[in-house]
Amino acid sequence: MSNDILKELAAILEARKSESPDASYVASLYAKPDKMLEKIGEEAVETIIAAKNDDRDNIIYETADLWFHSMVMLAQKGLSPDDVLNELARRFGVSGHDEKASRK
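Residues numbered from 1 in each chain as written. Predicted model: local features only at pLDDT ≥ 70, side-chain atom pairs only at ≥ 80, totals over all residues. Heavy atoms only, no water.

An unreviewed UniProt entry lists the protein under the name Phosphoribosyl-ATP pyrophosphatase, with Mariprofundus ferrinatatus as the source organism. Of the comments in the UniProt record for the protein, the one headed Pathway (unreviewed entry) reads "Amino-acid biosynthesis; L-histidine biosynthesis; L-histidine from 5-phospho-alpha-D-ribose 1-diphosphate: step 2/9." Here is the UniProt Subcellular location (unreviewed entry) comment for the protein, exactly as written: "Cytoplasm". (UniProt positions renumbered as here; feature names shortened; annotations may be inferred.)

**Student:** Honestly, helix α3 (residues 33-52) in this entry has me stumped. Any pointers?
**Tutor:** Think of an α-helix as 3.6 residues a turn; residues three or four steps apart then line up on the same face. The first and last C-alpha atoms of α3 sit 29 Å apart over 20 residues, in line with the 28 Å expected at 1.5 Å per residue. Buried residues of α3: Met 36, Lys 39, Ile 40, Glu 43, Thr 47 and Ala 50, and no others. Projection of α3 onto a plane perpendicular to its axis shows the buried side chains occupying an angular sector of 100°, all on one side. When the buried face of α3 is taken as reference, the exposed residues oriented beyond 90 degrees from it are Asp 34, Ile 48 and Lys 52. Close packing links the buried residues of α3 with α2 (25-31) and α4 (56-76). Directly beyond the C-terminal end of α3, a positive phi value near 55° is found at Asp 54. (Helix = DSSP H or I, 4+ residues; strand = E, 2+ residues; numbered from the N terminus. Expected span 1.5 Å × (residues − 1). Buried < 20%, exposed > 50% of the residue type's maximum accessible area, 1.4 Å probe, protein only. Arc of directions from axis to C-beta. Contact = heavy atoms within 4.5 Å.)

Printed below as a string of structure tokens:
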């Protein structure tokens, strides 16, 4: 189910590329890439605050906002949720320490 939602949302985000920034929030983010990136940072901070406050409902809400805005950025860059899921699958079973060390 969750992967279906990601695919549906990715399709909608792709379709919004042809919308007017005045008619679509997502299109307005595509028109202002710096604003889109600022939104990701803002949502990340709000997610951290929710977690620090141990507010379960707000953690879910803010994480949804963070994922949404991250997906907008992925779409703008020609990437999809599958690209991220494939990277997570690649890392599965690999020690976090080993994975981090391989990035150097």
